[in-house]
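Chain and residue survey
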Amino acid sequence: METKTEPVIRTDEPEMVITRILNAPRELVFRVWTEPEHIKHWWGPNGFTNTISKMEFRPGGIWEFVMHGPDGTDYPNVNEFVEIVKPEKIVLKHGHEPVFFMTVTFEEIGNKTRLTLRNRFESAEVFDMAVKKYGAAEGLKQNVDRLVAYIYERPMGRGLIITRELNAPKDIVYEAWTQEKHLAKWWGPKGLEIKVSKFDFHPGGSFLYSMATPDGSEMIGLFVYHEIVHGEKITFVNSFADRDGHIIRAPFSPSWPLEVYNELTFSEKNGKTIVVLRGAPIHATEEERKTFESGFDSMNQGFVGTFEQLDEYLLSMKP
C-alpha cells in the first residue's frame, strides 16, 4: 500500500503540497512522469483524457497538450520545463490560467519512492481563484490518485507479459515461488542445472543462483525482491551477476538491460492458479529497451519450458 496525504493548502504561502510514498522504484515513477506514452493515460483529474502534440523533456522544452473533459470540453495547455534533475526533480511552469510553478521531487526510500508535488502560484489572488474556481486541491489529489493507479495497474509500459494457468491451488503455487527448496527444483530454462548461493525472501532480500549448461558453461542470475504481498504479488528486479552478486552484463548481448523490473501476480479460479508475469527494463537506454523488446519471442519460448518444469514439479507438491 502507498502512504497517502491530502493536499496541504497553506495560508502563509500561495501553494499546495501533496506527498505520497509509492511501492515502486524511483526510476519507474520518474519514467511514467516523463514519457508521453505513459503520462497521457493518467494526467489530470478523474474522467479527463489527453492528446499530447509536443513534449520536449529538457530545460526550456515545451509540453503542449489538450485535456478533454468528461463533458466533451477541451482545455488546451502549454507547460514549460524549467528544471530537470534526473531522476530526482522536475520543475515546470503552467502557462495558462491559473499560472503556477509545479515542482515534483522523487526521493528514493529503499525500494520505494516518496513523491512530492508542490504547486506555487504567482500571487495570493491567483491561488485563491485556483482553489475556489477551479477546485485545484481536489484536482491535484485526483491527479496523483490516477498516477498511483496507473503504476500499479500497468507498471511496465512496454514490456513482456506472460500468463499461465497452473493446475494447482494458489497457496501451493505461491509456495513453489517463495521457498528455496522448491524454487531450485524448477526455475530456469530446460536443461540447465540450478544451484542456489543465497536466498532471502523478503523486501530488500535477494536470490542468487547459478545456471550450468550441459557444455559446462555457467551463468549467474540475481533477483532483488521489492514488494511482497503474501499469496498475491511479488515484485523483483532480476539481473545477471558475478559470484559475489554484483550486477554484470548479460553474456549473450552487450546491449541487454542490466536490470529488469518484474511483477508476478497470483489468482485462483476453480482450484487452478493464474500466474501473470510482467517485465520491463529499468535504468535502461533506448538501445537496451529495443534489445529487450526484440527478445520477446525467445523469452516467451524460454518461459514455456520453465513453466512446463513448474507444472511437473507442482504434481509432487500436491497434498
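Residues numbered from 1 in each chain as written. Predicted model: local features only at pLDDT ≥ 70, side-chain atom pairs only at ≥ 80, totals over all residues. Heavy atoms only, no water.

Let's shift gears to the packing of helix 5 (residues 170–178) against helix 8 (residues 296–317). Between helix 5 and helix 8, whose axes approach to 11 Å, the crossing angle comes to 115 degrees. Classified by the angle their axes make, helix 5 and helix 8 are roughly perpendicular. As helix 5 runs across helix 8, the sense of the crossing is right-handed. Contact residues: helix 5 offers Ile 172, Val 173, Glu 175, Ala 176 and Trp 177, while helix 8 offers Phe 307, Leu 310, Leu 314 and Met 317. (Axes fitted to C-alpha atoms, helices over the stretch in contact; angles between N-to-C directions. Helix = DSSP H or I, 4+ residues; strand = E, 2+ residues; numbered from the N terminus. Parallel < 35°, antiparallel > 145°, perpendicular 65-115°, else oblique. Left-handed = near helix turned anticlockwise from the far one by under 90°. Contact = heavy atoms within 4.5 Å.)

Using the criterion set out here, one finds 18 salt bridges in the structure. The partner of Arg 118 in a salt bridge is Glu 15, and the shortest N-O contact between them spans 2.9 Å. Of this pair, Arg 118 sits in strand 8 (residues 112–121) while Glu 15 sits in strand 2 (residues 15–22), and the two are 103 residues apart along the sequence. A residue is classified by how much of its surface remains accessible, and Arg 118, at 34% relative accessible area, is partly exposed. Owing to a relative accessible area of 3%, Glu 15 belongs among the buried residues under this scheme. In this structure, Arg 243 and Glu 218 form a salt bridge, with 2.6 Å as the shortest nitrogen-oxygen distance. Placement of the pair is Arg 243 in the loop between strand 13 (233–241) and strand 14 (247–248) and Glu 218 in strand 12 (residues 218–229), with a sequence separation of 25 residues. Via salt bridges that share partners, Glu 15, Arg 118 and Arg 120 belong to a single interconnected network. (Salt bridge = Lys/Arg side-chain N within 4 Å of Asp/Glu carboxyl O. Buried < 20%, exposed > 50% of the residue type's maximum accessible area, 1.4 Å probe, protein only.)

So, about the packing of aromatic side chains. A full pass over the atoms with the stated rule returns 35 aromatic pairs. Consider the rings of Tyr 174 and Phe 266, whose centres lie 5.4 Å apart with planes at 80 degrees: the pair is edge-to-face. Placement of the pair is Tyr 174 in helix 5 and Phe 266 in strand 15 (residues 259–269), with a sequence separation of 92 residues. Three or more aromatic residues joined by ring pairs form one cluster here, namely Trp 177, Trp 186, Trp 187, Phe 199, Phe 201, Phe 207, Tyr 209, Phe 223, Tyr 225, Phe 236, Phe 303 and Phe 307. (Phe/Tyr/Trp six-rings, centres within 6.5 Å; stacked < 30°, edge-to-face > 60°.)

As for its position among the elements, Glu 288 is in helix 7 (residues 286–294). Relative accessible area serves as the criterion here: at 7%, Glu 288 is assigned to the buried category. Here Glu 288 is in contact with Arg 249, Ser 255, Trp 256, Pro 257 and His 283, once residues within four sequence places are set aside.

A few words on unusual backbone geometry. As a rule of thumb, non-glycine residues mostly have phi less than zero, and peptide bonds are mostly trans rather than cis. The omega torsion of the bond from Lys 86 to Pro 87 falls at -15 degrees, within 30 degrees of zero and hence cis. Positionally, Pro 87 belongs in the loop between strand 5 (74–85) and strand 6 (89–94). Phi is positive for Asn 270, close to 55 degrees, though the residue is something other than glycine. For Asn 270, the position within the fold is in the loop between strand 15 and strand 16 (272–282). Relative accessible area serves as the criterion here: at 73%, Asn 270 is assigned to the exposed category.

Take the environment of Ile 52 next. Among the structural elements, Ile 52 can be located in strand 3 (residues 49–55). Those residues in contact with Ile 52 that lie beyond four places of it in its chain are Pro 36, Ile 39, Lys 40, Trp 63, Glu 64 and Phe 65.

Take helix 5 next. For helix 5, the buried fraction is high: 7 of the 9 residues fall into the buried class. Regarding helix 5, the residues found buried are Lys 170, Ile 172, Val 173, Tyr 174, Ala 176, Trp 177 and Thr 178.

Here we take up the nonpolar core. The tendency in soluble globular proteins is for nonpolar side chains to be buried as a group. Ranked by internal contacts, the top residues of the largest apolar core, which has 42 residues, are Trp 33, Trp 43, Leu 115 and Leu 117. Here this core gets 8 residues from one element, more than from any other, and that element is helix 4 (residues 136–153). Sequence-distant contacts of Leu 115, that is, excluding residues within four places in its chain, are made with Ile 18, Thr 19, Arg 20, Leu 22, Val 29, Trp 33, Val 104, Thr 105, Phe 106 and Leu 147. The next biggest cluster of nonpolar side chains, apart from the first, holds 38 residues, and it includes Trp 177, Trp 187, Met 211 and Phe 240. (Core = buried A, V, L, I, M, F, W, Y, C linked by side-chain atoms within 4.5 Å.)

Within the secondary structure, Lys 269 sits in strand 15. Judged by relative accessible area, which is 59%, Lys 269 ranks as exposed. Taking the C-alpha atoms as reference points, Lys 269 and Pro 169, 100 residues apart in sequence, are found 8.5 Å from one another.

Time to look at the confidence of the model for the protein. Residues at a pLDDT of 70 or more form 94% of the protein, whose mean pLDDT is 88. The least confident element of the protein is strand 1 (residues 8–9), whose mean pLDDT is 64; the most confident is helix 5, at 97. (pLDDT = per-residue confidence, 0-100.)

Another point: helix 8. Note that an α-helix has 3.6 residues per turn; residues three or four places apart therefore point the same way. With 22 residues, helix 8 extends 31 Å from end C-alpha to end C-alpha; this agrees with the ideal 32 Å at 1.5 Å per step. Within helix 8 the residues assigned to the buried category are Met 299, Phe 303, Gly 305, Thr 306, Phe 307, Gln 309, Leu 310, Tyr 313, Leu 314 and Met 317. In this fold, the buried residues of helix 8 make contact with strand 9 (160–166), helix 5, helix 6 (180–186), strand 16 and helix 7. (Expected span 1.5 Å × (residues − 1).)

Our next topic: the environment of Lys 89. By secondary structure assignment, the location of Lys 89 is in strand 6. Through-space distance from the C-alpha of Lys 89 to that of Glu 107 is 8.8 Å; in sequence the pair is 18 residues apart. Dropping the residues within four chain positions of it, Lys 89 is found in contact with Phe 30, Glu 83, Ile 84, Thr 103, Val 104, Thr 105 and Phe 106.

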